Amino acid sequence: MPDVHAEHAQIDHTGLAHQFEDLDQQQDADTLGIWLFLVTEIMFFGGMFAAYAIFRWLYFAAFAGGSHILDIRLGAANTVVLLASSLTMALSVRSAQTGNRRALVVFLILTMILGGVFLGVKAYEYNQKFVEHIVPSLDWAPEGDVLARLAPGGLNHAQLYFFFYFAMTGLHALHMIIGMGLLFWLVLRARKGSFTPRYFAPVEVVGLYWHFVDIVWIFLFPLLYLIGGRY
Amino acid sequence: MSTATQAPRAQAPRNYLNADYGWRSWLFTLDHKRIALLYLVSVTLFFMIGGFFAVLMRIHLVEPQGALVQPETYNKLFTLHGVVMIFFFMIPAIPAVLGNFLVPLMIGARDLAFPKLNLLSWYIYLVGGIFTLYAALAGGVDTGWTFYTPYSSTYSNTQVTAVAVAVFITGFSSILTGLNFIVTIHKMRAPGLTWYRLPLFLWSIYATSIIMTLGTPVLAITIFLLALEHLFHVGIFSPALGGDPLLFQHLFWFYSHPAVYIMILPSMGVVSEIIACFARKRIFGYKVVGFSSVAIAVLGFLVWGHHMFVTGQSVYAGLIFSFLSFLVAIPSAIKVFNWTSTLYKGSISYEAPMLYALGFIGLFTMGGLTGMFLASLATDVHLNGTYFIVAHFHYIMVGGTVMGYLSGLHFWWPKISGRKYPNGWAALSAVIIFIGFNLTFFPQFILGYLGMPRRYAFYPAEFQVLNVMSSAGASILGVGYLIPLIYFFWSMRYGPVAEANPWGATGLEWQTSSPPPTENFAQTPIVTEEAYAYAAKEETSGA
Amino acid sequence: MSHQIVPLKTYVLVFVSLIGLTLLTTAVAFVDLGAVNTVVALVIAFSKMILVMLFFMHLRHSGGLVRIILLAGFFWMALLIALTMSDYRTRTWISPPDAWSITAPPTHP
């Protein structure tokens, strides 16, 4: 029986798992795996989008009314922040590819900072909803100007809109928090020098996940903030 | 088959079972074969728990006014029977037990693509199971496994959230397993193993994995929305607040109908393997059978509305769903025709795996044909909500999937354990199960047609005879299931040692020892022939 | 799968385009185009997504299998939304038959 291990010892197998023949096969499998996982996320958010689509069609006036209460500047600014974080994430993958460890760490940290800014703005927006008493079930007592704008579409239906606002952005924020955790893990590994131009799959994989979360927001922004126009 | 020789018991060669000892080597294993056994133990346990609820139900239904429990308790029994059986037995059984064990072996690989994810899948499944058992003990759930709103979201005061969380968690076990299988089959096939040389079991596992990956996330979001509604009562499923209960049903059945194909497709794959081996013939129409698996997976996503014909769903949508439901029967029928054609002029032998497989073909056909009554809008109006439905899906799930699962267990047991079981007892229990099963569920077709509603704790007195027949059949069925448990355990200690290929079957898994070594193959095999080269085997071996 | 290293300039260009499209979609929200507002917003969002996928996610170099899988994912989501929506859209097209009007009137008051 030939000694399979002796052959392998001569080739650099940093990070090669035993079930794979070589790093290329492993990276192929890792990439396919993460894309498949992203497809499951498409279906996961897709179910939510389906429910949203139904209710938006049924109660368009209420959805438009609710949408106009959101601060469009914060929404747009947050979109820019998240797109920037996608840029820094792409640049961190590029740094790993070129073997630039310092740049890799810097861009990962920048991505985390931008993600943090996004979450901070979201926290502020959520707090605003409590201030205005338009949190479904927990604090639903719209008054004054807010009440005047929501009443025409029906208050129950407006509450449905804000349910989707919180559920969709909340689910998105949860994914971002997980992403931040993954980024932190990457920073720790990157600083130790775990990644080489031959082996940087974890960075690529987390990157794909991060871009996906960005894409979800790319759709959430118009679907939640830009319903029906503000003219 | 081959003559059994007693190999010396002194020193068993190194294999995955004796490679390491101790509970840590099992609970922290990354070996797909050990993980398959972890699943085997846990799905068997849940099968018994789900079966226990069924036993209580059938005892209760011996009397028209109910013989055992209060109606509220009866509601909890059928709910938990459904939840436990579907999510913790039917969906994982063949993929996670036989699939996990066989996929790397059948493609000539050392393990799956993501062994750690594989182990994680099992732990996720366990956590979900523990949540469910907690919910069962803390008061149970009475909504039916379908969790229809607004009862589940607004009115039920049972452990809805706990079970919702359990099902949500368990779904990820399914998703990760499917993901693992897809990547493995795409990227890790041995040299020469093209798609059209794959065993049909792998085609069906691949199709099943497509469903698991694309469908289960929708169940997750549906359960998530249900839990939110149960907690916050915003009204997405409540008409009083502008919501729609049917939205829940659409989202729920978008997953749960394809889920039944998750349950049946792997079983069909097993049957293809068994028929080929025990008729000593290549499967008739290999490509058609392979693609029919994929067709079932795809078409299965388009028919969910047939669960909602009488709910107030749009009649036009109902028409479309009805038509598509007829279409999805076609690939299943194709398989049955192809298996039958394979049997024609084959050299058939009737070992236990073959008995189960033949039983599968007959019972699945009956279940499938009765599905046609349900796909048809007009007859479904009469039959929906009755025992006809119960009989229909049990013919497919028990007469189909469970028989296929047992067939596969009996076929691959020598490979898994390195031991053989007594074929006489195995054949006997196959016959007992077949008889018990038909006695249990055939009367239910009649009951349903006559109008006995399902999920009712009592029934009109004129239905008692058929109900008693059904309960009697259930006790026979239970005995039938217990016997294999006994002789499989017995075989692990006292069964004759199995050689590498006791059935003389084709397939890479039979080219390595029984049980296999941890790394599966000493050298990566190279594949040069088609999947079921039984004719070539006959010529060369002169057996 | 990326063995190719995308030039820095490409990334920056894509980023600038994404910002531009974001500003565009925000601006369009202040113009009254009726139902077309939604269409424009979705088309812009879709374009942003394509840019992120092709360049940031290296889909350009990822090979056919990944693209098929991605397409399948989107197709399935579209299926879910379209078929479910078809129920709501067509519910009022026909009223379900009223059984009591077909047979003899009920004997109870």
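Residues numbered from 1 in each chain as written. Chains lettered and ligands numbered in written order. Predicted model: local features only at pLDDT ≥ 70, side-chain atom pairs only at ≥ 80, totals over all residues. Heavy atoms only, no water.

### As for the overall build of chain C
And step 1. When its secondary structure is counted, chain C shows 4 helices and 0 strands.
And step 2. Put simply, chain C runs from its N terminus to its C terminus through helices and strands in the order α-α-α-α.
And step 3. Excluding contacts between residues fewer than 6 apart, the proportion of contacts in chain C whose partners are at least 24 apart in sequence is 58%.
And step 4. For chain C, the computed accessible surface area is about 6300 Å², with 76% contributed by carbon and sulfur atoms. (Helix = DSSP H or I, 4+ residues; strand = E, 2+ residues; numbered from the N terminus. Contact = heavy atoms within 4.5 Å. Areas by Shrake-Rupley, 256 points an atom, 1.4 Å probe, with all protein chains shown as cover.)

### As for the interface of chain C and chain A
And step 1. Contacts between chain C and chain A engage 50 residues on the former and 49 residues on the latter.
And step 2. Buried area between chain C and chain A, both sides added, is near 4300 Å², and the carbon and sulfur share of it is 81%.
And step 3. On the surface where chain C and chain A come into contact, there are 0 salt bridges.
And step 4. Summed over the shared surface of chain C and chain A, the number is 4 residue pairs in polar contact (both at pLDDT 80 or more).
And step 5. When residues of the side of chain C that touches chain A are traced back to their parent elements, those giving at least two are helix H1 (8-28), helix H2 (36-56) and helix H3 (64-90) of chain C.
And step 6. Of the residues forming the side of chain C that touches chain A, the biggest block, 14 residues, is contributed by H3(C).
And step 7. Here the residues of the side of chain C that touches chain A are counted per class, giving 34 nonpolar, 13 polar and 3 charged. (Buried area = accessible area lost by both parts, 1.4 Å probe. Salt bridge = Lys/Arg side-chain N within 4 Å of Asp/Glu carboxyl O. Polar contact = N/O pair within 3.5 Å; in protein donor to acceptor, adjacent residues only side chain to side chain. Nonpolar A, V, L, I, M, F, W, Y, C, P; charged D, E, K, R; others polar.)

### A short note on a nonpolar patch on the surface
And step 1. The grouping of B:Val315, B:Tyr316, B:Leu319, B:Ile320, C:Trp93 and C:Ile94 at the surface amounts to a nonpolar patch, some 570 Å² of accessible area in total.
And step 2. Note on B:Leu319: relative accessible area 48%, which makes it partly exposed. (Patch = residues over 30% accessible without salt bridge, like charges linked within 9 Å, V, L, I, M, F, W, Y side chains within 5 Å. Buried < 20%, exposed > 50% of the residue type's maximum accessible area, 1.4 Å probe, protein only.)

### Thoughts on the layout of surface pockets
And step 1. Considered as a void within the structure, the second largest pocket measures approximately 1500 Å³ in volume.
And step 2. Forming the walls of the second largest pocket are 41 residues, and the residues nearest its centre are A:Ile34, A:Leu182, A:Val205, B:Leu117 and B:Leu176.
And step 3. Mapped by element, the contributors of at least two residues to the lining of the second largest pocket are helix H2 (23-58), helix H7 (155-192) and helix H8 (201-225) of chain A together with helix H5 (115-137), helix H7 (160-187) and helix H8 (200-232) of chain B.
And step 4. Split into classes, the residues belonging to the lining of the second largest pocket amount to 29 nonpolar, 8 polar and 4 charged. (1 Å grid on protein atoms, 1.4 Å probe; cavity = no way out; pocket = protein on both sides within 12 Å on 5 of 7 lines; lining within 4 Å. Points joined across faces, edges and corners; volume = space filled by probe spheres on them.)

### Some thoughts on the packing of aromatic side chains
And step 1. Inspection of the entire model under this criterion finds 72 aromatic pairs over all chains.
And step 2. Arranged with centres 5.3 Å apart and planes meeting at 65 degrees, the rings of B:Trp203 and B:Phe291 form a pair that is edge-to-face. Linking B:Trp203 in helix H8 with B:Phe291 in helix H10 (residues 286-299), this pair joins segments that are 88 residues apart in sequence.
And step 3. Both rings, one in B:Phe411 and one in B:Trp510, keep their centres 5.2 Å apart while their planes meet at 70 degrees; by these two values the pair is edge-to-face. One end of the pair, B:Phe411, is in helix H14 (residues 387-417); the other, B:Trp510, is in the loop between helix H16 (464-494) and helix H17 (534-541), with 99 residues separating them in the sequence.
And step 4. Here the guanidinium or amino end of C:Arg91 rests over the ring plane of C:Tyr88, the centre of that ring lying 4.3 Å away. (Phe/Tyr/Trp six-rings, centres within 6.5 Å; stacked < 30°, edge-to-face > 60°. Lys NZ or Arg CZ within 6 Å of the ring centre and 35° of its normal.)

### Points about the side chain of B:Ser272
Residues and elements named next belong to chain B.
And step 1. Secondary-structure assignment places Ser272 in helix H9 (residues 245-278).
And step 2. The exposure class of Ser272 is buried, given its relative accessible area of 1%.
And step 3. When residues no more than four places from it in sequence are discounted, the contact partners of Ser272 are Leu200, Ile283, Val289 and Trp339.

### Notes on H8(A)
And step 1. Between its terminal C-alpha atoms H8(A) stretches 36 Å, which fits the 36 Å expected from 25 residues at 1.5 Å a residue.
And step 2. With respect to burial, H8(A) is a largely interior element, 24 of its 25 residues being buried. (Expected span 1.5 Å × (residues − 1).)

### Here's the deal with helix H3 (residues 60-69) of chain A
And step 1. Most of H3(A) is tucked away, with 7 of its 10 residues classed as buried.
And step 2. Along its buried surface, H3(A) packs onto H2, strand S1 (134-135), helix H6 (144-150), H7 and H8 of chain A.

### Observations regarding empty space enclosed by the protein
All names here are of chain B.
And step 1. Inspection of every chain in the model, using the stated rule, returns 6 cavities of 30 Å³ or more.
And step 2. As a volume, the largest cavity reaches approximately 150 Å³.
And step 3. As for the largest cavity, its lining consists of 17 residues, of which Ile91, Pro92, Thr170, Ser173 and Ser174 are closest to the centre.
And step 4. Where the lining of the largest cavity is concerned, the elements lending two or more residues are helix H4 (93-107), H7 and H8.
And step 5. Among the elements that make up the lining of the largest cavity, the one with the highest residue count is H7 (6 residues).
And step 6. A class-by-class count of the residues in the lining of the largest cavity yields 11 nonpolar, 6 polar and no charged.

### Thoughts on the environment of C:Leu23
And step 1. Checked against the element boundaries, C:Leu23 lands in helix H1.
And step 2. Between the C-alpha atom of C:Leu23 and that of C:Leu70, which follows or precedes it by 47 residues, the distance is 28 Å.

### Quick look at the pattern of salt bridges
And step 1. In total, this model carries 11 salt bridges over all chains according to the counting rule given.
And step 2. The shortest N-O distance in the salt bridge between C:Arg91 and B:Asp244 comes to 3.1 Å. Of this pair, C:Arg91 sits in the loop between H3 and helix H4 (99-102) while B:Asp244 is found in the loop between H8 and H9, placing the two residues in two different chains.
And step 3. B:Asp244 sits in the buried class, given a relative accessible area of 11%.
And step 4. A single network of salt bridges, built from pairs that share partners, joins B:Asp244, C:Asp87 and C:Arg91.

### Structural notes on the interface of chain C and chain B
And step 1. Contacts between the two partners involve 14 residues from chain C and, on the opposite side, 21 residues from chain B.
And step 2. A buried area of about 1700 Å², summed over both sides, lies between chain C and chain B, and 78% of it is on carbon and sulfur atoms.
And step 3. Considering only the surface of chain C that becomes buried against chain B, C:Trp76, C:Leu80 and C:Leu83 emerge as the three largest contributors, covering 37% of it.
And step 4. Seen at the junction of chain C and chain B, the total is 1 salt bridge.
And step 5. Linking chain C with chain B are 6 residue pairs in polar contact (both at pLDDT 80 or more), by the criterion used here.
And step 6. Its residues assigned to classes, the side of chain C that touches chain B shows 8 nonpolar, 4 polar and 2 charged.

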